[in-house]
Amino acid sequence: MSALQDRLASLSDDGSVPKRRVWTLGLLAVVLAAAIPWQTRWGVVSDTSWIITMCERMLGGDRLYVDLIEANPPFTPWLFMPAVVLAHKFGISPEIAVLGYSYAICLFGLGFAVVIARCAGFAENATLFALLPLFLGLLVIFPGNAFTQREHLGMALFAPLLVLTAWRAAPPEGRTPSLPLALLAGLGGSILVLIKPYYALVVLVPALYVVWRRRSVRPLFAAEYWVIGLIGVAYVVAVLHFYPQFLDAIYPMLVDTYMRVRNLQTVLLMYGPVYLVGLLMLRLLRPGLPYSPLVAVFALASLAAMVPLIYQAKGWPYHAFPAFSLLLTALLLRTAQINPITHPPGAIEPRRKVMLAAVITAAAIPFMQTQSPNADLIVKVRAAVQNPTVALVGSDIAAGHPLTRMLGGTWISSYCSDWLGGFSLYLSATEARAGNPAGADHYRQIFDHYIDGKLDELETKRPALIIIQKTDTAMNAALSRRQDYASFLIGYGMIAEDDNVRVMQRNAGLSQAPSPASASD
């Protein structure tokens, strides 16, 4: 960042605006060129791979929340459905289409934010333009294993709304946003709320900042918030009409199991120290300089995004992406902030630049871990079977996805993994340790009922491959005590394994599941 600012400062001294723009656009191209191989090096992340599979099965006639059991509201498949439809129409890989779709969303979000900033006429616009390659890097390189996640796409589309919010907080020279800008920004901002409703807090907190700064509640009734509110109401009506099963059956099940499994200590230890240092850097970068509306809006949105991270308490990096991407954006905006006395951005001491680089690096560490399946395992399985039907025994979605699609396989199960069985088994043990036998029995019954259905599914569909998650020791131990499970596995032999999974192939003498046509005969 220091080198970039120094370079642009020298160009500014020469008065070469076109030259500065060419330099910035060149750096944007470099960032994008570096991001594409970085994010496409092994496909898409586990959650996205499952969503692609879910979209394809919905296109094939499977019913969401009936034939497919998904833990998220229906906007999850809706968000990715356009890319999957286009992939099938043009005969390209859905993974490639989703990656291209994600890059397009990132570029649109950043570009629209630039348009709003230019219309607003922020004092720091010249410096912000110079920092565009860094902002693009936060969208296409920093996400790492959160790239293509719903939160990632939602944040890319949410940025223009925050820039518009900063504009409303302190309208330069009395200029106000046009209605089309406000409507489009509201549309983009609504995506984050549709992804997960509690992200409404990330919309509300910056809006309240505008109310406080303007000493008026009128900004709460701006066009962009009407758009978000009306889309939210329409979404609720659509869910009630088209997918009543989600509220009637899926959501109560989630409340009873998924939402009760929390690991708050891990979340606080993993993300808390780096986040607190990042907040401290907001002050240390430009000591004594009041926060500009742009910095304040992004920083407050980041603080609001910490609430869902702590509330969910799962510790998965993509849950942390909104809070950290917003905080890092606020830090970059802080470096560009205009000093009202000297007018140009004040110089940042080298040691503070080093500290900022260290914060960005530390924040990126959780996102750099890869869930790539073992390459040797894939080669062995491909050599043994082509286009297999696949099932998973294990609670981690990463054990079955994207491995199934990388094998050219067909996923047979209603669930993306045995998360319901894994969570209910864990909660049963937790209740037993807490001295609550009734609670332990309740969750054990959920586990047994789920496994009964799982075994019926395996017996009926007889997949060519079964992936066994070796690291799910609790479930493997529980299943090993079931004779029906042991008897079923007799028909399978191991063909490959790594530290995480064991791949079992159906023995040649074991017949496949009958097709619907032969069954009717």
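Quick look at the structure, then.

The rules behind each value
- Residues numbered from 1 in each chain as written.
- Predicted model: local features only at pLDDT ≥ 70, side-chain atom pairs only at ≥ 80, totals over all residues.
- Heavy atoms only, no water.
- Helix = DSSP H or I, 4+ residues; strand = E, 2+ residues; numbered from the N terminus.
- Buried < 20%, exposed > 50% of the residue type's maximum accessible area, 1.4 Å probe, protein only.
- Lys, Arg positive; Asp, Glu negative; His and termini not counted.
- Salt bridge = Lys/Arg side-chain N within 4 Å of Asp/Glu carboxyl O.
- Polar contact = N/O pair within 3.5 Å; in protein donor to acceptor, adjacent residues only side chain to side chain.
- Axes fitted to C-alpha atoms, helices over the stretch in contact; angles between N-to-C directions.
- Parallel < 35°, antiparallel > 145°, perpendicular 65-115°, else oblique.
- Contact = heavy atoms within 4.5 Å.
- Nonpolar A, V, L, I, M, F, W, Y, C, P; charged D, E, K, R; others polar.
- Left-handed = near helix turned anticlockwise from the far one by under 90°.
- Pairing = 2+ DSSP bridges.
- Arc of directions from axis to C-beta.

### Let's talk about the side chain of R286
Working step 1: Relative to the elements of secondary structure, R286 occurs in the loop between α13 (264-285) and α14 (293-312).
Working step 2: In this structure, R286 is buried with no salt-bridge partner, the nearest side chain bearing the opposite charge being E124 at 8.5 Å.
Working step 3: Only 2.9 Å separates the side chain of R286 from the backbone oxygen of Q337, close enough to count as a polar contact.

### Structural notes on the packing of α13 against α14
Working step 1: Where α13 meets α14, the axes come as close as 11 Å, and the angle between the chain directions of the two elements is 170 degrees. Relative to α14, the element α13 is oriented roughly antiparallel. Within the contact between the two elements, α13 uses L264, V267, L268, Y271, Y275, L279 and L282 and α14 uses V295, A299, S302, L303, M306, L309 and I310.
Working step 2: Of the residues contributing to the contact of α13 with α14, the split by class is 13 nonpolar, 1 polar and no charged.

### Focus: the pattern of salt bridges
Working step 1: A complete count under the given rule lists 13 salt bridges for this structure.
Working step 2: R168 is paired through a salt bridge with E224; the nearest N and O atoms lie 2.6 Å apart. Taken together, the positions of R168 in helix α8 (residues 150-169) and E224 in helix α11 (residues 223-242) put the pair 56 residues apart, joining distant regions of the chain.
Working step 3: For E224, a relative accessible area of 0% translates into the label buried.
Working step 4: Through salt bridges with shared partners, a single network forms among E56, E95 and R405.

### A closer look at the packing of helix α4 (residues 75-90) against helix α5 (residues 94-120)
Working step 1: For the pair α4 and α5, interaxial distance at closest approach is 8 Å and the crossing angle is 130 degrees. As summarised for this structure, α4 and α5 are arranged oblique, according to the angle between their axes. The hand of the α4/α5 crossing is right-handed. Touching L79, F80, P82, A83, A87 and H88 of α4 are P94, A97, V98 and Y101, all from α5.
Working step 2: Residue classes in the contact of α4 with α5 are distributed as 9 nonpolar, 1 polar and no charged.

### Brief notes about the sheet that holds strand β2 (residues 410-411)
Working step 1: The strand order β2-β1-β3-β5-β4 describes an open sheet built from 5 strands, whose pairing is mixed. The sheet terminates laterally at β2 and β4 (492-497), the two strands that pair on one side only.
Working step 2: Sheet analysis places β4 next to strand β5 (residues 501-506), joined by 5 bridges and oriented antiparallel. Note that in β5 the partner of Y492 across the bridge is R506.

### Quick notes on helix α22 (residues 473-480)
Working step 1: The complete set of buried residues in α22 reads M475, A478 and L479. Within α22, the buried residues cover an arc of 95 degrees as seen down the axis, which keeps them to one side. Turned more than 90 degrees off the buried face of α22, the exposed positions are T473 and S480.

### A closer look at unusual backbone geometry
Working step 1: Cis rather than trans, the peptide bond between H401 and P402 has omega equal to 10 degrees.
Working step 2: Positionally, P402 belongs in the loop between α18 (397-400) and α19 (403-406).
Working step 3: Positive phi is not limited to glycine here, since Y65 has a value of about 70 degrees.
Working step 4: For Y65, the position within the fold is in the loop between α3 (46-59) and α4.
Working step 5: The exposure class of Y65 is buried, given its relative accessible area of 5%.
Working step 6: Positive phi outside glycine occurs at A313, with the angle close to 55 degrees.

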